[in-house]
Amino acid sequence: MDNSRASAPRVAVFRKEHFNAAHRLNNPNWSDEKNTRVYGKCNNPNYHGHNYELIVQVTGPVDDETGYVIDMKLLGDLIKEHVTDRFDHKNLNLDTEEFADLNPSAENIAIVIYNILRNQLSEGLDLKIRLYETERNFVEYPV
């Protein structure tokens with residue numbers, strides 16, 4: 001990164017997307033009783049779904065030439081290609097390799113999305129994921 005970009009003001013930009021997905025929270029090392037006690041309805045053997053709201057925050061210096069931290073169209077395209085196309089209308093437990101052996105809690109979904117998108121952004125940009133599982137329940141990564 002050149003010095004002019006390093007000293008440029010840092011700004012956070014946000015892109016909001018959504019996807020719908022089913023999942024089941026279950027620890028295969030536990031008994032059915034313990035899974036039910038810990039996860040309740042989220043352990044339903046027939047799965048259940050959420051309308052996830054995803055907010056992707058990218059923070060970085062403002063480019064002198066474009067006036068952008070990141071082109072929002074590019075960010076939207078990255079999210080669509082690498083997140084929503086991958087997870088929308090899927091059973092996370094059954095249809096995705098990311099959750100074949102990883103419990104698809106909101107926390108783990110946020111970490112997976114972060115890791116996917118982190119690889120698509122330049123090192124000079126910071127990334128934060130906010131994932132709403134319901135209107136009242138959401139997670140952020142990293143903190």
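Structure first, text after, so check above.
A short tour of the structure in this document, coming up. (Residues numbered from 1 in each chain as written. Predicted model: local features only at pLDDT ≥ 70, side-chain atom pairs only at ≥ 80, totals over all residues. Heavy atoms only, no water.)

## Quick word on the environment of E98
Applicable threshold: We count a stretch as a helix when DSSP gives it H or I for four or more residues in a row; a strand needs E for two or more, and each element gets its number in order from the N terminus. Every residue pair with non-hydrogen atoms within 4.5 Å of one another is taken to be in contact. In the analysis that follows, any N or O atom pair within 3.5 Å is treated as a polar contact, provided that within protein one partner can donate a hydrogen and the other can accept it, and provided that, for residues neighboring in sequence, both atoms belong to side chains.
One can find E98 in the loop between α4 (92-95) and α5 (106-118). Here the alpha-carbon distance between E98 and N108, two residues ten residues apart in the chain, equals 9.8 Å. Discounting residues that sit within four places of it in the chain, E98 has contacts with R86, F87, V112 and I116. Here the side chain of E98 touches R86 through a polar contact of 2.6 Å, side chain to side chain.

## Here we look at unusual backbone geometry
Residue P142 follows Y141 across a cis peptide bond; omega there is -10°. Tracing the backbone shows P142 in the segment after β5 (138-141). Positive phi values are uncommon outside glycine, yet Y47 reaches one of about 75°. Structurally, Y47 is set in the loop between α2 (32-39) and β2 (48-61). In this structure, H89 takes a positive phi of about 55° despite not being glycine. Mapping H89 onto the fold places it in the loop between α3 (72-87) and β3 (90-91).

## Quick word on the sheet that holds strand β4 (residues 126-132)
Here is the rule: For two strands to be treated as a pair, DSSP must find no fewer than two bridges joining them. Each axis is a line fitted through C-alpha atoms, and for a helix only the stretch in contact is used; angles between axes span 0 to 180 degrees, taken between their N-to-C directions.
Strand order in the open sheet formed by five strands is β3-β1-β2-β4-β5, with mixed pairing between adjacent strands. The open sheet is flanked by β3 and β5, the only strands paired with a single partner. Sheet analysis places β2 next to β4, joined by seven bridges and oriented antiparallel. Looking at β4, one finds that V58 is bridged to L127. In this fold α3 packs onto β1 (10-23), β2 and β3, with an angle of close to 20° to the strand it touches most, β1. Across the sheet, α5 is in contact with β1, β2, β4 and β5; its angle to β4 comes to roughly 145°.

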